[in-house]
Structure formats: C-alpha cells, structure tokens
Amino acid sequence: MHSTRKIRDDLIYVGGSDRRLSRFENLFPIPRGVSYNSYVLLDEKTVLFDTVDESIGRLFVENVTAALDGRTLDYLVIQHMEPDHCSLIDEMLRRYPQAKVVCSAKVVPMLVQFYGLDVKERALVVAEGDKLSTGVHTLHFMMAPMVHWPEVMVTYDEVHQILFSADAFGTFGALAGTLFDDEVGFDSVWMNDARRYYTNIVGKYGAQVQALLKKTASLDIEMICPLHGPVWRSQLALLLDKYRKWSTYEPEDRGVVIAYATMYGNTENTANVLATLLAERGIHPIAMYDVSGTDVSELVAESFRCSHLVLAAPTYNGGLHPRMDAFLADLKALGLQKRTVALIENGTWAPVSARHMRALLEGMKNMTVLENAVTVKSAPAAGQRATLEALADEIAAQIGG
C-alpha cells in the first residue's frame, strides 16, 4: 500500500523513512531515524527525481507506481549518486526501459562503478544552465560539485518555483506522515538534527555551499525539496540564514562549549569549576560534554554553533587523551574555523596535553588559541581558582564585547 503525498497537484512525494537504521553512513547516530526523499512530476512527460535507499525499496516502488497511476516514466533525474539515493535506479530502469537518465557527466561512470549500469545510450547529460521542457514545466539544472560529492547537481522548476536541492538543506529525522517544515514544527530538536547533518556531512565544503547559495540567490524560490528531512515552504529565510552561517563558519551563538576528557573525574571537576565561574559572569549558553560519552557528531555540531571552545584533557601515554585527539582531528577535517579556544591540561608528572591540543588547533584556519593554558597536576588545587577566574574573565570579556 502506497504512502504518497501531494506537494502540488502535479508533484507527488514518493519517498519514505527508515527508523531501524541506527547509524547514518554507519557513523552518525540517528535515534529519530532518517527519511529518503524522492519526487514524481506529472507533466506531458513524467519525471522522477532521484530514488531511495534499498531499505525502503518495496515502499518506494509502490509509491512510484501509485503516483504514475498507469503512466510510463519518461525521465529519471539523478542529482546525487550516494547509495542512499540511487539504490533503486537499476530497478526503475528495468521497470521503465524507455526512461531517459538526466544527469551530470560524472554520474555516468559512477553508475558503472556502483551497479555495472551502462546508460550511455539513454543518458541525457546536462551541464550548468541547461534546461529541459517536460510540457508545462521547464527544469533548470545547476551544477553543485562537492555539495558534497563531485557529481551533484540541483534542479529548479520555474513554474512551481521549487528547488530540488539534492543533499543540500537536508536533515536527520524520520517523517511521520507530516512532510512540510510547518507540519513538523521546526523546533530545537529538528534544528539540532539539521545542524548535525550539515556540519558532519557537508561542513568541510563551506566554499562550495557558498557558491551554490550565490547561484540560487537570483531565483524566486517558494519551496525547497531536499533528499532528507522535511520539504521547506514556510521557514526558508531561517534555513538560508543558517546555511549562510554554517558555510562561512560564522558562530550562531556567542556562547561556550566545554568539551572535556577525564579519567578519574579530576579534569571534569576543573571544567565544572570554570563553567560555574562563567555562569556567574553572565555567560550563556554554556554547553558541557564528556568526549568519551558523547558522539563526536554532537561535539562537531556544537562547535559549529558556539563562538568559544574550552578543551580540557589529561595527558595520556605522553600525549593527548585519544578521544580528545579524535575530536580535534574531526574538527580539522571538517574545516571548522573562526573560533576562540581555551585549553586546560592535566598530568600527574609531565602534563603535555595542552601542547598537543595547541599544535592540532594551529594546524586549522583562523583559530585563536588563548595564550595561557591552565595546568592541573592530578587534581585541581585551591590555589588554582585564581587562574580559572582569570580565564573566565578573559572569555567573558570577549563574549560580552
């Protein structure tokens, strides 16, 4: 039984959701599941925009069949070749052998690599600015390389003023019958999933996202149809503002994230003291995370959100605590910049973790590392409160200023 929904009278949602998958890309926890979005346009020619992950393959076939309602499929537009969006391409091409594949040039060899599919004879390869008339509708194609794969393109329907945006503007989170952003109530839960999705998957490619935003800035957009998460129709200004900030690495909040590694609680205690001192100085929001118990995708998202980071870690095997080391490696790989960072180190006989954290941070762009790290030997001593107060004063003055 199908579960389609109309977006417009001639545009039908044919995707679905997966609540069984525990980790997206086998990396990122998705306790609220994920949706795989696909759309059918019913014009003089019919168009299917992307397919879905094989986990919802049966539902997808039923949805597409119901949407076409006896008609054949004329065009399959492939905007992105990750398997969670292209696993049913071969199935669709078998069912609709006359359908043409509309894609960028880089998609053709990828279809061979993933599925052994040679589509040269039925491919309509499009480039930047190309258009396709389907009858009433005209589709405009814009290349979006490295948002976040090299073959990606997006499609604009000038009649409905809809942008089919591939993986851009997507979020984690399954859909529960509701489809549009104003139906799900885009609260902090959905925004946290949107931020975590962007920062961990697309975050490295800020310059490429900026290029796409510039291309679409001149378009009249009433709706954005991404490949994950809700369809955007009511809060486009909010969404575009968030993407502008995330892609330029501008903090959303002038606040503090304290990320700590701790072995026996002493480094955590030091971090708690600093958090209290910051709160007494009127600083908020303050978020604290144990890097050993918090998934790194959450830490990355929070680091994109806030202007200031405090990193506290013990020395471990003459170096840096492994979980803190992995967290900083992720931040570097994802290109985070424009943050101010304070360091707290711990070590019983040879504390060196601040030196290692500083070296990693100095290898990143546009990061300001405060000069004076706080050093704890085994456990925080009463005499160190003044040092922590001085650090709290410095951070508070920056945020307040």
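Numbers given to residues run from 1 along each chain, matching the order in which its sequence is written. Totals for whole chains, interfaces and linings use every residue, but because this is a predicted model, local features are given only for residues with pLDDT of at least 70 and side-chain atom pairs only at 80 or more, for both listing and counting. Processing note: side-chain calculations cover all non-hydrogen atoms of the structure and skip hydrogens and water entirely.

Caption draft 1: Up close: the overall build of the chain. Think of it this way: any DSSP run of H or I at least four residues long counts as a helix, any run of E at least two long counts as a strand, and we number them from the N terminus. Secondary structure summary: the chain contains 13 helices and 23 strands in total. Within the span of the chain, comprising 401 residues, buried residues form 56% of the whole. Whether two residues are in contact is decided by their heavy atoms: any pair within 4.5 Å suffices. Excluding contacts between residues fewer than 6 apart, the proportion of contacts in the chain whose partners are at least 24 apart in sequence is 72%. Remark: exposure states derive from per-residue accessible area (1.4 Å probe, protein chains only) relative to the maximum for the residue type, with buried under 20%, exposed over 50%, and partly exposed in between.

Caption draft 2: The arrangement of helix H8 (residues 236–248) in detail. Between its first and last C-alpha atoms H8 spans 18 Å; for 13 residues at 1.5 Å apiece the expected length is 18 Å, and the two agree. Burial in H8 covers these residues: Leu-236, Leu-239, Lys-242, Tyr-243, Lys-245, Trp-246 and Ser-247. On its buried face, H8 is in contact with helix H6 (188–202), helix H7 (206–216), strand E16 (223–225) and helix H10 (296–305). The positive-phi residue at the C-terminal boundary of H8 is Tyr-249, with phi of around 65 degrees. Helix span, expected: 1.5 Å multiplied by one less than the number of residues in the helix.

Caption draft 3: View of the side chain of Arg-305. Topologically, Arg-305 is positioned in helix H10. For the purposes of these results, a polar contact is taken to be a pair of N or O atoms within 3.5 Å, where, inside protein, one atom must be able to donate a hydrogen and its partner to accept one; residues adjacent in sequence count only when each atom of the pair is a side-chain atom. Engagement of the side chain of Arg-305 in a polar contact is seen with the side chain of Asp-253, the distance being 2.8 Å. Separated by 2.7 Å, the side chains of Arg-305 and Glu-302 make a polar contact. Sequence-distant contacts of Arg-305, defined by excluding residues within four places in its chain, comprise Arg-195, Pro-251, Glu-252, Asp-253, Pro-285, Ala-287 and Arg-339.

Caption draft 4: Geometry of the sheet that holds E16. In this scheme, strands are said to pair when DSSP sees at least two bridges between them. Pairing within the open sheet is mixed, and its 5 strands lie in the order E12-E13-E14-E15-E16. Each having just a single partner strand, strand E12 (131–133) and E16 make up the two edges of the open sheet. For this sheet the average axis-to-axis angle between neighbouring strands, irrespective of direction, equals 20 degrees. The sheet contact formed by strand E13 (residues 138–143) and strand E14 (residues 153–157) spans 5 bridges and is antiparallel. Bridging across to E14, Leu-139 finds its partner in Asp-157. Only the stretch in contact is used when fitting a helix axis, every axis being a line fitted to C-alpha atoms; angles between N-to-C directions are given from 0 to 180 degrees.

Caption draft 5: Summary view of the packing of aromatic side chains. The pairing test for Phe, Tyr and Trp rings, Trp by its six-membered ring, is centres within 6.5 Å, and the orientation test on the planes gives stacked under 30 degrees, edge-to-face over 60, and tilted for anything in between. Summed over all chains, the structure comprises 14 aromatic pairs. For the ring pair Phe-24 and Tyr-197, a centre distance of 6.5 Å and an interplane angle of 55 degrees mean the geometry is tilted. You can see Phe-24 sitting in strand E4 (residues 23–24) and its partner Tyr-197 sitting in helix H6, a full 173 residues away along the chain. Judged by its relative accessible area of 0%, Tyr-197 is buried. Aromatic ring contacts, followed pair by pair, group Tyr-13, Tyr-39, Phe-49 and Phe-164 into a single cluster. Put simply, a charge is over a ring when the Lys NZ or the Arg CZ is close to the ring centre, within 6 Å, and near the line of the ring normal, within 35 degrees. Sitting over the ring of Trp-190, Arg-32 keeps its end group 4.3 Å from the ring centre.

In short, the description is geometric, and any link to function would need to be established separately.
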